[in-house]
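# Structure at a glance
Each chain, letter by letter, is given below.
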Amino acid sequence: MSPAEPTDLLVLLSELEPVVEENLNRHLATAKEWFPHEYVPWSEGRDFDGVLGGEAWEPGQSKLSEVARISLVVNLLTEDNLPSYHHEIATVFGRDGAWGTWVHRWTAEEGRHGIAIRDYLLATRAVDPIALERARMAHMEGGFQNSYEGLIESVAYVSFQELATRVSHRNTGAISGDPICEQLLARVAADENLHMIFYRNLLNAAFDVAPNTAMRAVAKVASSFQMPGHTIENFGRKSVQIAKAGIYDLRLHHDDVLTPVLRQVRAFDRPLSGDGEAAREELATFLADLDTQATRFVERRDAQRARAAAHA
């Protein structure tokens, strides 16, 4: 690693703060105000059984497919861990200056997502409200802990994660079969896209300041990436169902998440040295292997669908 590259957290925070301020101002000028209540079909709602003595929930009341319900619940439970995310991001970025302003703004915007999705699910009786609340309690009690060290690794993670979340929300809405659900999740996805742009621009600046350090961070995060909701109960089984439905799978992760971020930050075009170059070679090998795995998965899925269609 070049001795000129800053590694101290306070130095990096100071070096990157002008970029944070610039992108915060861009974000505030671009982001559109919206209101969760406007996206929820309240007229479809009615009392549940229990305290108010309403009607008990049963699966036939949901107009969504099973995989759409699974994906919506996973997306919602992921959003529910916002207090833990805020703690982790504020611990790394701090609460002062442009960094702190962004942390709080990001948290406020993310908070709308859980509000809107939960209200939609309950108003439309899409899911079992008791099971949903128990899942929320269990997931939040487990919390969330950042798996990465330092500022640049954390920025790399959220750059990929925000884009992955955008893809998941958009595709969940598309397969829901409900125009109201699709409209809501498209609105949520638009927020996630703006968040991704903020973090991606910050990652790009980190490459300018400390290219070898940034390359090592990106290679580590890309090769070990997990969605923030991976601690949800039965997440592995749920993620397989989501992948089989084409909502989020290896092909989308490779083509629509990792590749565009790496292209925008010019990860494969920057002059590097030593362990930075070695990390880039490791990343290239990982991406090639992931591409092969993604192709095999899609081929198997297509074959399964063809067989199912033939026997229909």
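Refer to the preceding data block for the structure.
Residues numbered from 1 in each chain as written. Predicted model: local features only at pLDDT ≥ 70, side-chain atom pairs only at ≥ 80, totals over all residues. Heavy atoms only, no water.

## Quick word on the nonpolar core
Formed by 87 residues in total, the largest nonpolar core has its most connected members in Phe93, Leu151, Phe160, Leu203 and Val218. Top element by residues in this core is helix H7 (residues 179–209). It accounts for 14 residues. Filtering out sequence-adjacent residues up to four positions away, Phe160 remains in contact with Val218, Val221, Ala222, Phe225, Val257, Leu258, Val261 and Leu262. (Core = buried A, V, L, I, M, F, W, Y, C linked by side-chain atoms within 4.5 Å. Buried < 20%, exposed > 50% of the residue type's maximum accessible area, 1.4 Å probe, protein only. Helix = DSSP H or I, 4+ residues; strand = E, 2+ residues; numbered from the N terminus. Contact = heavy atoms within 4.5 Å.)

## Comments concerning the packing of aromatic side chains
Tallying each qualifying case throughout the model produces 9 aromatic pairs. Judged by centre distance (5.6 Å) and plane angle (35 degrees), the rings of Tyr148 and Tyr157 are tilted. You can call Tyr157 buried: its relative accessible area is 8%. Here a set of aromatic residues connected by ring pairs shows up, and it is made of Phe93, Trp99, Trp102, Phe198 and Tyr199. Geometry around Phe48 places Arg125 over its ring, the cationic atom sitting 4.1 Å from the centre. (Phe/Tyr/Trp six-rings, centres within 6.5 Å; stacked < 30°, edge-to-face > 60°. Lys NZ or Arg CZ within 6 Å of the ring centre and 35° of its normal.)

## What about helix H1 (residues 9–30)?
With 22 residues, H1 ought to run about 32 Å at 1.5 Å a step, and its terminal C-alpha atoms sit 29 Å apart, in line with that. Of all the bends found along H1, the most pronounced is centred on Leu16 and spans about 45 degrees, while Pro18, a proline, follows it within four residues. Taken residue by residue, H1 has Leu12, Leu13, Leu16, Val20, Asn23, Leu24 and His27 as its buried positions. (Expected span 1.5 Å × (residues − 1). Bend = angle between axes of the 7 residues up to and from the residue.)

## So, the packing of helix H2 (residues 66–80) against helix H9 (residues 235–244)
Orientation of H2 relative to H9, taken along the N-to-C sense of each, is 125 degrees, at an axis distance of 10 Å. Judged on the interaxial angle alone, H9 and H2 are oblique. H9 is crossed by H2, and the crossing has left-handed handedness. Residues Glu66, Val67, Ile70, Ser71 and Val74 of H2 form the contact with H9, whose participating residues are Phe235, Lys238, Gln241 and Ile242. Of the residues contributing to the contact of H2 with H9, the split by class is 5 nonpolar, 2 polar and 2 charged. (Axes fitted to C-alpha atoms, helices over the stretch in contact; angles between N-to-C directions. Parallel < 35°, antiparallel > 145°, perpendicular 65-115°, else oblique. Left-handed = near helix turned anticlockwise from the far one by under 90°. Nonpolar A, V, L, I, M, F, W, Y, C, P; charged D, E, K, R; others polar.)

## Regarding the packing of H1 against helix H4 (residues 97–123)
Interaxial distance between H1 and H4 falls to 8 Å at its minimum, and their mutual angle equals 45 degrees. When the axis of H1 is compared with that of H4, the two are oblique. Between H1 and H4 the crossing geometry is left-handed. Facing Leu13, Leu16, Glu17, Val20, Glu21, Leu24, His27 and Leu28 of H1, the residues of H4 in contact are Gly97, Ala98, Trp99, Thr101, Trp102, Arg105 and Glu109.

## Quick look at the side chain of Arg280
Summarising the element assignment, Arg280 is placed in helix H11 (residues 274–310). Among the polar contacts made by the side chain of Arg280, one reaches the side chain of Glu277 at a distance of 2.7 Å. The residues contacting Arg280, other than those within four sequence positions of it, are Met215, Ala267, Phe268, Asp269, Arg270 and Leu272. (Polar contact = N/O pair within 3.5 Å; in protein donor to acceptor, adjacent residues only side chain to side chain.)

## A few points about the side chain of Gln61
Counting through the fold element by element, Gln61 comes out in the loop between H1 and H2. By relative accessible area, Gln61 is classed as buried at 15%. Among the polar contacts made by the side chain of Gln61, one reaches the side chain of Glu55 at a distance of 3.1 Å. For Gln61, the side chain forms a polar contact with the main-chain oxygen of Ala56, separated by 3.0 Å.

## Looking at the pattern of salt bridges
Across all of its chains, the model carries 16 salt bridges by this definition. The closest approach of N and O atoms between Asp208 and Arg270, which form a salt bridge, is 2.7 Å. You can see Asp208 sitting in helix H7 and its partner Arg270 sitting in the loop between helix H10 (250–264) and H11, a full 62 residues away along the chain. Salt bridges sharing common partners tie together Glu44, Lys63 and Asp178. (Salt bridge = Lys/Arg side-chain N within 4 Å of Asp/Glu carboxyl O.)

## Structural notes on unusual backbone geometry
As a rule of thumb, non-glycine residues mostly have phi less than zero, and peptide bonds are mostly trans rather than cis. A positive phi angle is found at Asn234, which is not glycine, with a value near 60 degrees. The phi angle at Arg266 is positive, at roughly 55 degrees, despite the residue not being glycine. Among the structural elements, Arg266 can be located in the loop between H10 and H11.

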